[in-house]
Amino acid sequence: MKHYDAVIFDWDGTLMDSTHSIIESIQLASADLGLPVPPAMQASWIIGLSLESGLYKAVPELTAEQMPQFLERYRHHFFQRDATIKMFDGAVPLLDQLRERVVPISVATGKSRIGLDRVLKVVDLAHYFTTTRCADETRGKPDPLMLQEILWELDLQPENVLMVGDTTHDTYMAHNAGMDCLAVTYGAHDIPTLEKSEPTAIVSSVPEMHEWIMHRLKD
């Protein structure tokens, strides 16, 4: 069994239960602009990507001229749901146990730096993470650069680090960086979609993720 020195987590849909809020905000912003409202599966494809680049796939009818107004309406709806967005049950105990084991924990997310810093302050979890990378300060997923920057900063080798995420964007990014990836099925992408990206393993709940990771840490 392979063992890891460090763990890098995606944020939305992996640690934080924000998937439905993101999808609903995209759908409501589309309706506000008179655009066809995408079904949930189509809207969910954006999760893990930078918002602006992912929107053209989630809402194909969206034009560059409409983008600023769409982003304003999306943020309006998302921030209205902000107070109700919580960490997945069991996510914080997992972070606690990783910290007790002195395992470096990082975040690689499609969120903006402002967005991640804001939510980390709200949930008071910034101190858990050794470092973080966001899509607007490096290259977006599935480009491996944000993972490579984390590895360089922490002086780690890719074969010794595990990426954990809920989308194929995370899996392909990990592949491109030469890292293993644990996929979770309770977020944005379903099991058949995740399986196509060939992650190292797939788990269906936070407790299952917790157990899988803890059994694969180096002493």
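Residues numbered from 1 in each chain as written. Predicted model: local features only at pLDDT ≥ 70, side-chain atom pairs only at ≥ 80, totals over all residues. Heavy atoms only, no water.

- The name given to the protein in an unreviewed UniProt entry is Phosphoglycolate phosphatase, with the source organism recorded as Paenalcaligenes hominis.

Here's the deal with empty space enclosed by the protein
Next up, step 1: One pass over the full model with this rule turns up one cavity of 30 Å³ or more.
Next up, step 2: Considering only enclosed or pocket space, the largest cavity measures out at about 50 Å³ in volume.
Next up, step 3: Of the residues belonging to the lining of the largest cavity, the class tally is five nonpolar, no polar and two charged. (1 Å grid on protein atoms, 1.4 Å probe; cavity = no way out; pocket = protein on both sides within 12 Å on 5 of 7 lines; lining within 4 Å. Points joined across faces, edges and corners; volume = space filled by probe spheres on them. Nonpolar A, V, L, I, M, F, W, Y, C, P; charged D, E, K, R; others polar.)

Some points on the packing of helix α1 (residues 19–32) against helix α4 (residues 67–80)
Next up, step 1: Running from N to C, α1 and α4 cross one another at 135 degrees; their axes reach a closest spacing of 8 Å. Taken together, the axis directions place α1 and α4 in an arrangement best described as oblique. The way α1 lies across α4 gives a crossing that is right-handed. Residues S21, I22, S25, I26, L28, A29, S30 and D32 of α1 lie in contact with α4, whose contacting residues are F70, R73, Y74, H77 and F78.
Next up, step 2: For the contact of α1 with α4, the residue count by class is seven nonpolar, four polar and two charged. (Axes fitted to C-alpha atoms, helices over the stretch in contact; angles between N-to-C directions. Helix = DSSP H or I, 4+ residues; strand = E, 2+ residues; numbered from the N terminus. Parallel < 35°, antiparallel > 145°, perpendicular 65-115°, else oblique. Left-handed = near helix turned anticlockwise from the far one by under 90°. Contact = heavy atoms within 4.5 Å.)

Concerning the layout of surface pockets
Next up, step 1: Of the voids in this model, the largest pocket is the one considered here, and its volume is about 560 Å³.
Next up, step 2: For the largest pocket, the lining is made up of 28 residues, of which L51, Y74, G110, K111 and S112 are closest to its centre.
Next up, step 3: Contributions of two or more residues to the lining of the largest pocket are made by α3 (51–58), α4 and α6 (113–123).
Next up, step 4: At five residues, α4 tops the list of elements feeding residues into the lining of the largest pocket.
Next up, step 5: Here the residues of the lining of the largest pocket are counted per class, giving 14 nonpolar, six polar and eight charged.

Notes on the environment of Q69
Next up, step 1: As for its placement among the helices and strands, Q69 is situated in helix α4.
Next up, step 2: Sequence separation between Q69 and R133 is 64 residues, and the spatial gap between their C-alpha atoms is 26 Å.

What to know about the packing of helix α5 (residues 91–100) against helix α10 (residues 206–214)
Next up, step 1: Running from N to C, α5 and α10 point in directions that differ by 15 degrees, and their axes come no closer than 9 Å. The angle between α5 and α10 falls in the class roughly parallel. Crossing geometry of α5 relative to α10 is assigned as right-handed. In contact with A91, P93, L94, Q97 and L98 of α5, α10 contributes V206, M209, H210, I213 and M214.

Details of the state of the cysteines
Next up, step 1: In total, this model carries zero disulfides according to the counting rule given.
Next up, step 2: For C134, which is in no disulfide, the shortest distance to another cysteine sulfur is to C181 and amounts to 18 Å.
Next up, step 3: Judged by relative accessible area, which is 0%, C181 ranks as buried. (Disulfide = S-S within 2.5 Å. Buried < 20%, exposed > 50% of the residue type's maximum accessible area, 1.4 Å probe, protein only.)

Some remarks on the sheet that holds strand β2 (residues 105–109)
Strands belonging to one sheet form pairs held by backbone hydrogen bonds; the direction of such a pair is parallel or antiparallel.
Next up, step 1: Spatially, the six strands line up as an open sheet ordered β3-β2-β1-β4-β5-β6, and their pairing is parallel. Edge strands, defined here as strands with exactly one partner in the open sheet, are β3 (131–134) and β6 (201–203). Looking at each pair of strands side by side, their axes are set apart by 20 degrees on average, direction ignored.
Next up, step 2: Bridging between strand β1 (residues 6–9) and β2 involves three bridges; their strand directions are parallel. Note that in β2 the partner of F9 across the bridge is V107. (Pairing = 2+ DSSP bridges.)

Quick look at the pattern of salt bridges
Next up, step 1: Under the definition given, this model contains twelve salt bridges.
Next up, step 2: A salt bridge links D10 to K141, with the shortest nitrogen-to-oxygen separation between them at 2.8 Å. Pair noted here: D10 is in the loop between β1 and α1 and K141 is in the loop between β3 and α7 (145–154), with a separation of 131 residues, a long-range link.
Next up, step 3: The exposure class assigned to K141 is buried, which follows from its relative accessible area of 6%.
Next up, step 4: Beyond isolated ion pairs, a larger network of salt bridges with shared partners links D10, K141 and D170. (Salt bridge = Lys/Arg side-chain N within 4 Å of Asp/Glu carboxyl O.)

A closer look at the packing of aromatic side chains
Next up, step 1: Summed over all chains, the structure comprises five aromatic pairs.
Next up, step 2: Measuring from centroid to centroid gives 6.1 Å for W11 and F129, while their planes differ by 75 degrees, and the two rings are edge-to-face. Of this pair, W11 sits in the loop between β1 and α1 while F129 sits in the loop between α6 and β3, and the two are 118 residues apart along the sequence. There is no split in this pair, since W11 and F129 are both buried.
Next up, step 3: An aromatic cluster is defined as three or more aromatic residues linked by ring pairs; in this entry it consists of Y74, F78 and F79.
Next up, step 4: Above the face of the Y128 ring, R99 is positioned so that its terminal group lies 4.2 Å from the ring centre.
Next up, step 5: The ring of W212 has R216 lying over it, and the distance from NZ or CZ to the ring centre is 4.0 Å. (Phe/Tyr/Trp six-rings, centres within 6.5 Å; stacked < 30°, edge-to-face > 60°. Lys NZ or Arg CZ within 6 Å of the ring centre and 35° of its normal.)

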